[in-house]
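Understanding the architecture of this molecule
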Amino acid sequence: MNEVTIYHNPDCGTSRNTLAMIRNAGIEPVVIEYLRDPPSREKLVELITQSGLSVRDVLRQKGTPYAELNLDNPALTEDQLLDAMMAHPILINRPFVVTSIGVRLCRPSELVLAILPESQRGAFTKEGGEVVIDTEGKRVRSGN
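In short, a report on the structure.

Reading guide: rules and limits
Residues numbered from 1 in each chain as written. Predicted model: local features only at pLDDT ≥ 70, side-chain atom pairs only at ≥ 80, totals over all residues. Heavy atoms only, no water. Helix = DSSP H or I, 4+ residues; strand = E, 2+ residues; numbered from the N terminus. Contact = heavy atoms within 4.5 Å. Core = buried A, V, L, I, M, F, W, Y, C linked by side-chain atoms within 4.5 Å. Buried < 20%, exposed > 50% of the residue type's maximum accessible area, 1.4 Å probe, protein only. Pairing = 2+ DSSP bridges. Salt bridge = Lys/Arg side-chain N within 4 Å of Asp/Glu carboxyl O.

**Quick look at the side chain of Thr18**
- Relative to the helices and strands, Thr18 resides in helix α1 (residues 13-24).
- Setting aside chain neighbours within four positions, we find Thr18 in contact with Ile6, Pro95, Val97, Cys106, Ser109 and Val112.

Rendered as structure tokens:
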């Protein structure tokens, strides 16, 4: 399976950068705009499990009803948190990317590079101006 799927929010810069890096590898992914077409509860649990994260790890706080719903309450169970994500898909952090190599919540967007079945085909600069891939398709490490 060389199919790549991204659970995408076009209003999110991290999600747009991740999608652009997938395309920079010559891959046209299946794009699921998860706010319009949210994953089923079963699919969401599968994505979380395969990514090695907990339900709480994938809860998005910024720009969501997280605080109003008191989702920071440590007494809430994973099932209760999943119920909240099903009722309010904006609570699902993004973007999740699924490839034959693995599943990742790509925050930061460069995490996608570890699971792409193809190499980058050229330079890539994030929307904010950070150079991630050089002209030879090699990863540029920040902080050098």
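**Details of the nonpolar core**
- Counting 21 residues, the largest nonpolar core has Tyr7, Ile48, Leu59, Leu71, Met85, Leu91 and Phe96 as its most contacted members.
- Only α2 (41-51), α3 (78-87), β3 (96-98) and β4 (103-105) provide two or more residues apiece to this core.
- Looking at this core element by element, the count peaks at 4 residues for α3.
- Of all hydrophobic cores here, the second largest spans 15 residues; its members include Val4, Ile22, Ile27 and Ile115.

**Details of the pairing of strand β2 (residues 30-33)**
- Bridging between strand β1 (residues 5-8) and β2 involves 4 bridges; their strand directions are parallel. Paired with Ile6 across the strands is Val31, a residue of β2.

**Details of the pattern of salt bridges**
- Applying the stated criterion to the full structure yields 8 salt bridges.
- Put simply, Asp79 and Arg41 hold a salt bridge, and the shortest N to O gap is 3.3 Å. Of this pair, Asp79 sits in helix α3 while Arg41 sits in helix α2, placing them 38 residues apart in sequence.
- Using a relative accessible area of 48% as the deciding quantity, one classes Asp79 as partly exposed.
- For Arg41, a relative accessible area of 24% puts it in the partly exposed group.
- Between Glu110 and Lys126 there is a salt bridge, with the nearest N and O atoms lying 3.0 Å from each other. Of this pair, Glu110 sits in the loop between β4 and β5 (124-125) while Lys126 sits in the loop between β5 and β6 (131-133), placing them 16 residues apart in sequence. Per residue, the accessibility class of Glu110 equals that of Lys126, and both read buried.
- Ionic contacts of the salt-bridge type, sharing partners, join the residues Arg41, Asp79 and Asp83 into one network.

As far as function goes, none of this settles anything; it's purely spatial.
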